[in-house]
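Below, each chain spelled out in residue letters.
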Amino acid sequence: MAGDSLELMQGTLDVLILKSLSWGPLHGYAVAEVVRERSGEELKVEEGALYPALHRLEKRGLLEAEWGLSENNRRAKFYRLTSAGRAHLRAETQAWQRYVAAVSRVLEAA
Amino acid sequence: MRTPMRYPGFKRLLKLAVRPRAVEQDVDEELRFHLEMRAAAHEREGLSPTEARAAAEREFGDVASVREECVRIGHERERKMKRFLLWDALVQDVRYALRMLRHAPGFALVAVLTLGLGIGATTAIFSVVRGVLMRPLPFAEPERLVRMWQANPSQGVARGEVSPLDFADWKARQRSFEDMGTWWYVEGMSGSNLSGDGEPQRLPAAYVNDGFFSTLGVAPVLGRALLAGEHQPGHNAVAVISHGLWQRRFGGDRTLLGRTLTLDGLPITVVGVMPPGFSFPSERVDVWLSDSLIEESGIPRQRQVRWQSVVARLKPGVSLETARTEMNGVARQLAEEYPATNVQTSAVTVVPLHEAVTGDVRAGLMVLLGAVGFLLLIACVNVANLMLTRATARERELAVRAALGAGPVRLMGQLLTESLVLALLGGAFGLLLAVWGTELLLAFSVKQLPRLHEVRVDGAVLGFAMGATLFTGVLFGLLPALRAGSPQLAPVLKAAGRGTAGGGGARLRGALVVTEVALAVVLMAGAGLAVRSLMSLLSVEPGFRAEGAVVVSFSSSPAGRTSRQYLAEVLERVREVPGVQVAGTTRNLPLEGSGEPAPLVLPGQSQESAADAPRVNYLFVSNDYFRAMGIPLLRGRAFTTLDREGPPAMMVNDAFVRRFFPGEDVVGKAIQWGDATAPIVGVVGDVRQESLSEPAPPLVYVHVLQQSRSSVNLVVRGEGAPLQLAAAVRQAIWSVNPNQTITRITTLEEVVGGSVARPRLIAALLGLFAVLALVLGAVGIYGVLAYTVGQRQREIGVRLALGARPAEVLGMVLRNGMRLAGLGVALGVAGALVLSRVMSSILFGVAPHDPLTFGAVAVVLLGVALVACLVPARRAMRVDPAVSLRAE
């Protein structure tokens, strides 16, 4: 599995994190898992890059963090989207979709 | 219990108050959690715990560097948060303060008005003080400039002018000075009539030597200054003109240089234009001419003919003391070498130029600045009192906030913010008042102060206003804020809803009221002294009758028309004007200076001994001068037309007789006048010649037509409105010489008014400040008592219910208030007794400890305090016991 998973582009990770959190607060491990599962095991978040990304997003005010209890009753740091984060996600999603559509149009042209 | 106020951002602040866990700890725990979760997943896939752990770490990558990066970002985030929270807290505080003020518009209005008045008045006075006293003179290195006078210690003259011969010796023998300049200029006297180039115009002129401009270190912006030995008889004279004249009259025409103007009928070539703002020795001077023109006009070149004013520039590093010692040495040498003329002038007075220019207004301005500072303090105390009263009323709210976790620093910060917001609003209003007040002040005091054209609201003044604002903000914010910093939470919370006043607060407020009253007393005492001083000045008998006389001043052209005949002709025409009863002329009007001092030589004394002779002032007047002025003839006769042409006759005043011939009949005695012996024909009453505050000097009157003098004040007494009379007189003068420029038209009463303009200005301003202080003091007393009565309503109700008579309640409240007022008055009187001493130099005819003034001030303040107490006291008397008990 590790061998044929897709590499993430810089910036894409941020959007995926925001999207993962749009369904509710998660800790970092869960974010990685969610991305893997939802991508049909195609995308693998590089864990070493995940945490700096989370902290940067928190610093930018797109995320808020709070300590809570995990599903196995351990203390874990949960991240949650702020309203700024939600707006950012919307904007990035639209941009991403336009990008994908444009690239596709080029690639699919006979 | 009422709902507590909502504090936006409060929860966030509480969060900040909980000390956040160290960033490092957080990151470590977060990463450990991740690795453990991943390891657990691997274990579920069947790996051993050790293998699972190793796999998790392998997949993660470089844990240490990720940790480091996360920690770095975490720290950055914390710093950003802190900045944001601080700013946010400030914004919240300001918003909150503004909302509080909006909810208490009366309080806000009173506070802003009070502060605005205090700050505005202080700033306005400060701008004048700065312009007049503090700005350096607009010359190069002005601190090295000094003014020098010839002193005559034996006659008590410290500031005498210098003769050109003495000056030449001063200059040649000294080593302390780099450069020395001289000038001759007398306000309203030295001037030239510009003609031939448009409308004739009178130009105030200063006659200067070639060192004048170089000493001051100011060069012309156009052309050049006057050169040494430039003016030769028979050649055109040269002139340097002011920037103002250049713009006004010649529209800034650069080709003016080298052009020839006609001044007093003489051709004069313009060689230079001074820069704008150069205005020495007076802002009125428009033309600087070589002083050789004066000597040419017939002033004898003798050592005892002293008319030059001297300015000099100290060499770098030479002290004032060194220069003084040296110049006194020079004066002693000259006294030995020329005993006939210099034996008495054996000293030189050397004073920094700045002090010489501003000396006589310094005391008055400093008193005003001090007074206005007091006013600002009173305003601060008043607002502090208001704030304190509000803070006490808000004690419960503050206690609640403290209980919710807001630290003392936060609460003090909040209250200080409120004070500063108030102070800034007050400061903005004050600045408006200051700009406006400064203009008003300037408009009213143009003639009373030197250097007024340098007064403006500039950066320093703005800085001062800002400083005053912040100072007041902190000062009056401090007391309530300090108290809020340590509210005794438990008792206040317990009492919440019952509205009790803190006992400490009452004492503090009392102390503030006492302070305020004391400050007001000091201010009022100062104002009272100034007013009494002005009144005694105005009650001085000037020696002449001011009512109903008109003064028309002019300067007849020296070229050809100065003749005695011209003046005689003018006087004759004026007498023919319908309504004119009597008209006379004088060189020097009373209260405007004594004219020219000269040695009094009696027949038989040699001219050589003239230097030792006492000096008296000689005044040149016409026949009917005494009648026109209403100066009584005591003995002998007045001048007649015969004295004009015939042998000279003299008249003297009573002071002259008392000084030189006490108990003798002087009529018939003689004075040496030039080569002739002049009999004294009459004695007239004394006239305050210098000013109302100085006694009449001994005077000798000389018939004006014995001398050709260019400056004349025509005094006319007659029927009809003074200004109409003046217009007719002017027409009469023009009928003799249509080119005659009139330098001023005024009334004798205005001359008197002008002579007391400065004390009047000081008295008016101090009076204004005193009234403001009185009002503020009354507001302070009223505010505190009204508040106390409100707070004690329940207690008063109980007393009334228990049978106390309303009159007793009234008495209780009155006693309470009057005790504060009385204490304040006592302290204030004590303070004023000490402080009024600094005023002694500007007082006339009243002692700095004048009991009448102090008594009146005490009575007025106690009276006002009584009225301020009465309102709340009557309200207390009417408290309904039933209502206040039920409220319990």
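None of these values were measured; they are calculated from a predicted model.

Undergrad: Could you give me a rundown of the overall build of chain B, with the residues and numbers involved?
TA: Within chain B, the regular secondary structure consists of 28 helices and 23 strands. Looking at the 888 residues of chain B, the share that counts as buried comes to 50%. Taking contacts inside chain B between residues at least 6 apart in sequence as the whole, the part at least 24 apart equals 81%. For chain B, the exposed surface amounts to about 39,400 Å²; the carbon and sulfur share of it is 60%.

Undergrad: Break down the overall build of chain A for me, citing the residues and quoting the values.
TA: Within chain A one finds four helices and three strands. Of the regular secondary structure in chain A, the N- to C-terminal order runs α-β-α-α-β-β-α. When each of the 110 residues of chain A is scored for burial, the buried share is 41%. Relative to all contacts within chain A whose residues are 6 or more apart in sequence, the contacts with residues 24 or more apart total 49%. In the form shown here, chain A has an accessible surface area of approximately 6,500 Å², with 53% of it arising from carbon and sulfur atoms.

Undergrad: So what's going on with unusual backbone geometry? Residues and values would help.
TA: In this chain, B:F280 is followed by B:P281 through a cis amide linkage whose omega measures 5°. Even without being a glycine, A:E41 presents a positive backbone phi close to 65°. Tracing the sequence through the fold places A:E41 in the loop between α2 (28-38) and α3 (47-59). A positive phi angle, near 60°, is found at A:N73, a position not held by glycine. Looking at the secondary structure, you find A:N73 in the loop between β2 (63-69) and β3 (75-81). Looking at A:N73, the relative accessible area reads 60%, which means it is exposed.

Undergrad: Help me get a handle on the packing of aromatic side chains, residues and values and all.
TA: Residues and elements named next belong to chain B. If you walk through the whole model with that rule in mind, you get 19 aromatic pairs over all chains. Between the aromatic rings of F139 and F278, the centroid separation amounts to 6.0 Å while the plane-to-plane angle is 65°, which identifies the pairing as edge-to-face. Placement of the pair is F139 in the loop between α5 (105-134) and β1 (145-152) and F278 in the loop between β9 (266-273) and β10 (287-290), with a sequence separation of 139 residues. Residue F139 shares its accessibility class with F278, and that shared class is buried. Among the aromatic residues, those joined into a cluster by ring pairs are F139, W183, F212, F213, F278, F280 and W288.

Undergrad: An account of the interface of chain A and chain B is needed here, citing residue identities and associated values.
TA: Tallying the contact residues gives 22 residues for chain A and 21 residues for chain B. Taking both sides of the interface into account, the surface hidden between chain A and chain B amounts to around 2,200 Å²; carbon and sulfur atoms contribute 55%. The interface formed by chain A and chain B includes seven salt bridges. With a shortest N-O distance of 2.5 Å, B:E36 and A:R74 are connected by a salt bridge. For the pair chain A and chain B, the interface holds 15 residue pairs in polar contact (both at pLDDT 80 or more). Within the residue set of the side of chain A that touches chain B, elements represented by two or more residues are α2, α3 and β3 of chain A. In terms of residue count, the dominant contributor to the side of chain A that touches chain B is α3(A) (eight residues). When grouped by side-chain class, the residues that make up the side of chain A that touches chain B number six nonpolar, six polar and 10 charged.

Undergrad: Tell me about the sheet that holds β2(A), residues and numbers included.
TA: Residues and elements named next belong to chain A. If you trace the three strands from one edge of the open sheet to the other, you get β1-β3-β2, paired in antiparallel fashion. Looking at strand neighbours, the two that pair on one side only are β1 (26-27) and β2, the edges of this open sheet. Pairing between β1 and β3: two bridges, direction antiparallel. What sits directly across from H27, in β3, is F78.

Undergrad: Which residues make up the environment of B:L633, and what values do they have?
TA: All names here are of chain B. Within the secondary structure, L633 is located in strand β17 (residues 633-636). Remark: the alpha-carbon pair of L633 and G682, spanning 49 residues in sequence, is separated by 7.3 Å. Among all residues touching L633, those that are not within four sequence positions of it are A638, M651, V683 and V684.

Undergrad: Which residues make up the pairing of strand β7 (residues 237-241) of chain B, and what values go with them?
TA: Residue and element names in this part refer to chain B. With five of five residues buried, β7 lies mostly within the body of the structure. Here β7 shows a buried face lined by A237, A239 and I241 and a second buried face lined by V238 and V240. With five bridges joining them, β7 and β9 adopt parallel strand pairing. What sits directly across from I241, in β9, is V273. Alignment of β7 against β10, held across three bridges, turns out to be antiparallel. Across the sheet, A239 pairs through a bridge with L289, a residue of β10.

Undergrad: Can you break down the packing of helix α1 (residues 12-21) of chain A against α2(A) residue by residue, with the values?
TA: All names here are of chain A. Two elements in contact, α1 and α2, have axes whose closest approach is 10 Å; the angle formed by their N-to-C orientations is 100°. When the axes of α1 and α2 are compared, the pair comes out roughly perpendicular. Only V31, V34 and V35 of α2 make contact with α1, whose side of the interface consists of L16, I17, S20 and L21. The residue makeup of the contact of α1 with α2, split by class, is six nonpolar, one polar and no charged.

Undergrad: Can you explain the side chain of B:S176? Please cite residues and give values.
TA: All names here are of chain B. Topologically, S176 is positioned in the loop between α6 (164-173) and β3 (177-184). In this structure S176 comes out as buried when scored by relative accessible area, which is 4%. Here the side chain of S176 touches E326 through a polar contact of 2.8 Å, side chain to side chain. Sequence-distant contacts of S176, defined by excluding residues within four places in its chain, comprise R313, L314, K315, V318, T322, A323 and E326.

Undergrad: Can you tell me about helix α2 (residues 23-44) of chain B, naming the residues and giving the values?
TA: Taking 1.5 Å per residue, 22 residues should reach 32 Å; α2(B) reaches 32 Å between its end C-alpha atoms and fits that length. B:G46, located one to two residues past α2(B), shows a positive phi value of around 115°.

Undergrad: How would you explain a nonpolar patch on the surface if you had to name every residue and give the values?
TA: Together, A:W96, A:Y99, A:V100, A:V103, A:V106 and A:L107 line one region of the surface with nonpolar side chains, adding up to about 590 Å² of accessible area. Relative to the assigned elements, A:Y99 resides in helix α4 (residues 83-108).

Undergrad: Before we move on, can you summarise the nonpolar core with the specific residues and values?
TA: Taken as a class, soluble globular proteins show a tendency for nonpolar side chains to be buried jointly. Residues and elements named next belong to chain B. Ranked by size, the top nonpolar core spans 114 residues in total, and within it Y701, L766 and F769 carry the most contacts. A per-element tally of this core places helix α24 (residues 757-791) first, with 15 residues. Apart from the residues lying within four places of it in its own chain, the contact partners of F769 are A121, I125, L368, A371, V372, L375 and L523.

Undergrad: Talk me through the packing of α24(B) against helix α26 (residues 806-835) of chain B; I want residue IDs and the actual numbers.
TA: Residue and element names in this part refer to chain B. As a packed pair, α24 and α26 sit with axes 11 Å apart at the nearest point and diverge in direction by 145°. With respect to the hand of their crossing, α24 and α26 are arranged in right-handed fashion. Here α24 contributes I781, L785, T788 and V789 to the contact with α26, which in turn contributes V813, N816, G817 and A821. Of the residues contributing to the contact of α24 with α26, the split by class is five nonpolar, three polar and no charged.

Undergrad: Just give me the short version of the pattern of salt bridges, but keep the residues and values in it.
TA: By the definition in use, this model includes 31 salt bridges over all chains. As a salt-bridge pair, A:E33 and B:R38 come within 3.0 Å of each other at their nearest N and O atoms. One end of the pair, A:E33, is in helix α2; the other, B:R38, is in helix α2, on a second chain. In this pair, the class of A:E33 matches that of B:R38, namely buried. One salt bridge in this structure joins B:R53 and B:E57, with 3.5 Å as the shortest N-O distance. Of this pair, B:R53 and B:E57 both sit in helix α3 (residues 49-60), four residues apart, which is roughly one turn of that helix. By relative accessible area, which is 35% here, B:R53 ends up partly exposed. One network of salt bridges, in which partners are shared, links A:E33, A:R36, A:E41, A:E47, B:R38 and B:E59.

Undergrad: Summarise the environment of B:M466; cite the residues concerned and give the values.
TA: You can see B:M466 is positioned in helix α15 (residues 459-485). Sequence-wise, B:M466 and B:L424 are 42 residues apart; in three dimensions their C-alpha atoms are separated by 8.4 Å.

Undergrad: Which residues make up the pairing of β1(B), and what are the values?
TA: Residue and element names in this part refer to chain B. In terms of residue burial, β1 counts as a mostly covered element, since eight of its eight residues are buried. Of the two faces of β1, the one carrying L145, R147, W149 and A151 and the one carrying V146, M148, Q150 and N152 are both buried. Strand direction decides the pairing type here: β1 and strand β11 (residues 309-314), joined by four bridges, are antiparallel. Note on β11: the bridge partner recorded for R147 is V311. Where β1 meets strand β12 (residues 347-352), six bridges bridge the pair, whose relative direction is antiparallel. Note on β12: the bridge partner recorded for A151 is A347.

Calculation rules
- Residues numbered from 1 in each chain as written.
- Chains lettered and ligands numbered in written order.
- Predicted model: local features only at pLDDT ≥ 70, side-chain atom pairs only at ≥ 80, totals over all residues.
- Heavy atoms only, no water.
- Helix = DSSP H or I, 4+ residues; strand = E, 2+ residues; numbered from the N terminus.
- Buried < 20%, exposed > 50% of the residue type's maximum accessible area, 1.4 Å probe, protein only.
- Contact = heavy atoms within 4.5 Å.
- Areas by Shrake-Rupley, 256 points an atom, 1.4 Å probe, with all protein chains shown as cover.
- Phe/Tyr/Trp six-rings, centres within 6.5 Å; stacked < 30°, edge-to-face > 60°.
- Buried area = accessible area lost by both parts, 1.4 Å probe.
- Salt bridge = Lys/Arg side-chain N within 4 Å of Asp/Glu carboxyl O.
- Polar contact = N/O pair within 3.5 Å; in protein donor to acceptor, adjacent residues only side chain to side chain.
- Nonpolar A, V, L, I, M, F, W, Y, C, P; charged D, E, K, R; others polar.
- Pairing = 2+ DSSP bridges.
- Axes fitted to C-alpha atoms, helices over the stretch in contact; angles between N-to-C directions.
- Parallel < 35°, antiparallel > 145°, perpendicular 65-115°, else oblique.
- Expected span 1.5 Å × (residues − 1).
- Patch = residues over 30% accessible without salt bridge, like charges linked within 9 Å, V, L, I, M, F, W, Y side chains within 5 Å.
- Core = buried A, V, L, I, M, F, W, Y, C linked by side-chain atoms within 4.5 Å.
- Left-handed = near helix turned anticlockwise from the far one by under 90°.

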